[in-house]
Amino acid sequence: MLDAAHLEGLNAEQLREVVGTLLEQARGHDEAVQRRDEEIRRKDAEIRLKDAKIGQLTAEMALLRRWKFGRSSERLQADQAKLFDEECDADAQAIEMELEKLAPSTKGEPRNQPKRQKLPEHLPRIEIRHEPENGSCGCGCELKRIGEDVAEKLDYTPGVFTVERHIRGKWACPKCEHIVMAPVPAQVIDKGIPTAGTLAQVLIAKYADHLPLYRQEAIFARAGLAIARSTLAQWVGACGVQLQPLAEALKAVMLQSGVLHADETPVATLAPGTGKTHRSYLWAYATSRFDPLKAVLYEFAPSRSGQHARQWLGDWRGTLVVDEFQGYKALFEKGITEAGCLAHARRKFNDLHVANQSQIAATALRWFQAIYRVESELAKVDAHTRSRTRQRKSRRLFDHFHRWLMGRRRQVPNGTATAKSIDYSLRRWQALTRHLEDASIPIDNNWVENQIRPWAMACP
């Protein structure tokens, strides 16, 4: 830096040079300050944009959590709720990744990540090795292997077809020329190309995953093998014939149970030659969730007539858990014991509460909640414990609830929605409390409804 004494010894030309240099330095300094200010303004704008984006994503995340964990279970059936959860989880993961990108860099700080679940040991492993291209260090020394880092990734190859080549050797006697061959292994479809595994895939996809055959045809085509839909249909029909004895055997075992569930759901059936559909029904029969045998059988019927249930049950005389469908009434007149579905009774009051915020319905729902709270404690206990607990706790709740219903019924006019909801429970009270006398009887018909619901959701 120049001082005053130094400047006094300079002539005019030298002073002009010094002033010019100082002006140039000042301009450079001003430009540097201006660039720094612009950089600060740019970074401030980026920070404001990121803050706004983070705020938006955080709000969306909070909304997703409210939707997922605060939704009303009455508005979403179980399988619909699963689909809803899947969408929420997918959106939440996407938001988490966006927030991670927007978060400031925190090198050296530990990341709060959930512990990754170890992949199952039984899955086959394919090793893919990655080694340095050059075995020498930059200093000229040869590298020495001191260990390895292993990361496992889960891979999936859909629709991989393989071919089984069954080779049967021919053996002949040189003396009598007798030819000997090993017998042909038993197959589900004689002289057909599909193995049991292929047939199982088609059946599971169609009936468990509800993938129509035309979709499976497209899936197989993408995997490199075009299997005509008509061929798939023939396979399904052949499997049905082969599995019929198994279904009959399972039915015989089920009819030995003292408690069964029954339910039915409409399915659209194509009317031959008309190009239109008409309403048919799929009937479901299941053992109780307290039964060691967990089994369900479905029967297709062209109508909802109770005659179909009477034919299926035949001479069986036990306790049948059903809703109030009139088609079952003839069964109870012939010696079958009726057990009602408390979930249906509760649903009447829930619908009433949703419609007009009825205080009577709200109180009734609290009674149901108390009864179900006791029942939830009995899911995994033995029959003796379940019976004692029901007598000690549930019966008292039912008695108080019944008196409360009778009192409210006298206060409401006939024909109202409230009266109809109360009448449903009072009219079926004996059937709704049947489980108090027999520990093997469930409290509702939800067990079979959950078995038949996928059909109802998959069928138009």
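Each chain carries its own residue numbering, running from 1 in the written order of its sequence. Reporting of local features is limited, given that this is a predicted model, to residues whose pLDDT is at least 70; pairs of side-chain atoms are given and counted only at 80 or more, and all residues count toward the totals for whole chains, interfaces and linings. Side-chain metrics rest on all non-hydrogen atoms present in the structure, leaving aside hydrogens and water.

1. What to know about the overall build of the chain
Quick note on the threshold: Each helix corresponds to a stretch of at least 4 residues labelled H or I by DSSP, and each strand to a stretch of at least 2 residues labelled E; elements are numbered beginning at the N terminus. A 1.4 Å probe rolled over the protein chains alone gives each residue an accessible area, and that area as a share of the maximum for its type sets the label: buried under 20%, exposed over 50%, partly exposed in between. Here a residue-residue contact requires only that any non-hydrogen atoms of the pair lie within 4.5 Å. In these tables, accessible area is a Shrake-Rupley quantity obtained with a 1.4 Å probe, and a residue counts as shielded only by the protein chains included in the view.
What the chain contains, in helices and strands, is 14 helices and seven strands. Residues counted as buried form 29% of the 460 residues belonging to the chain. If you take every contact in the chain between residues at least 6 apart in sequence, the share linking residues at least 24 apart comes to 56%. Surface exposure of the chain reaches about 32000 Å², of which carbon and sulfur atoms provide 55%.

2. Focus on the pattern of salt bridges
If charged atoms from side chains of opposite charge come close, those side chains can pair. Rule in force here: Here, a salt bridge means any Lys or Arg side-chain nitrogen found within 4 Å of an Asp or Glu carboxyl oxygen.
Under the counting rule described, the total for this entry stands at 18 salt bridges. The partner of R145 in a salt bridge is E148, and the shortest N-O contact between them spans 3.2 Å. Of the two residues examined, R145 and E148, each falls in the exposed class. Ionic contacts of the salt-bridge type, sharing partners, join the residues E127, R129, E131, R145 and E148 into one network.

3. Here's the deal with the environment of S230
Mapped onto the elements, S230 comes out in helix α6 (residues 229–254). Taking the C-alpha atoms as reference points, S230 and L213, separated by 17 residues in sequence, lie 8.7 Å from one another.

4. Focus: the packing of helix α9 (residues 342–356) against helix α12 (residues 417–427)
The following threshold applies: With axes taken as lines fitted to C-alpha atoms, and helix axes fitted only over the stretch in contact, angles between N-to-C directions fall between 0 and 180 degrees. The cut-offs work like this: below 35 degrees is roughly parallel, past 145 is roughly antiparallel, 65 to 115 is roughly perpendicular, and the gaps in between are oblique. The residue classification treats Ala, Val, Leu, Ile, Met, Phe, Trp, Tyr, Cys and Pro as nonpolar and Asp, Glu, Lys and Arg as charged. All others, Gly included, are polar.
Where α9 meets α12, the closest approach of the two axes is 9 Å, and the angle between their N-to-C directions is 170°. Relative to α12, the element α9 is oriented roughly antiparallel. Between α9 and α12, the contacting residues are H344, A345, K348, F349 and L352 on the first element and A417, T418, S421, I422, Y424 and S425 on the second. When grouped by side-chain class, the residues that make up the contact of α9 with α12 number six nonpolar, four polar and one charged.

5. Notes on the sheet that holds strand β4 (residues 277–287)
Heads up, the rule is: In short, DSSP must find at least two bridges between two strands for them to pair.
Ordered in space as β5-β4-β3-β6-β7, the five strands form an open sheet in which the pairing is mixed. In this open sheet, the two edge strands, each paired with only one partner strand, are β5 (296–301) and β7 (337–339). On average, adjacent strands in this sheet sit at an angle of 30° to one another, irrespective of strand direction. In the sheet, strand β3 (residues 259–270) pairs with strand β6 (residues 319–321) via three bridges, with the strands oriented parallel.

6. Describing the pairing of β4
With eight of its 11 residues buried, β4 lies for the most part within the structure. Two elements, β3 and β4, share 11 bridges in a ladder whose sense is antiparallel. Bridged to D263 within β4 is A284. Of the pairings in the sheet, the one linking β4 to β5 comprises six bridges and is antiparallel in character. Of the residues in β5, the one forming a bridge with W283 is E299.

7. Quick look at the packing of aromatic side chains
Applied cut-off: Here a pair means two rings of Phe, Tyr or Trp (six-membered ring of Trp) with centres within 6.5 Å. Their orientation is stacked below 30 degrees between planes, edge-to-face above 60, and tilted elsewhere.
Applying the stated criterion to the full structure yields 11 aromatic pairs. Arranged with centres 4.0 Å apart and planes meeting at 5°, the rings of Y285 and W312 form a pair that is stacked. Taken together, the positions of Y285 in strand β4 and W312 in helix α7 (residues 307–313) put the pair 27 residues apart, joining distant regions of the chain. Neither residue differs from the other here; Y285 and W312 are each classed as buried. Measuring from ring centre to ring centre gives 5.5 Å for F325 and Y328, while their planes differ by 90°; the resulting arrangement is edge-to-face.

Interpretation note: all reported values are geometric properties and have no functional meaning in isolation.
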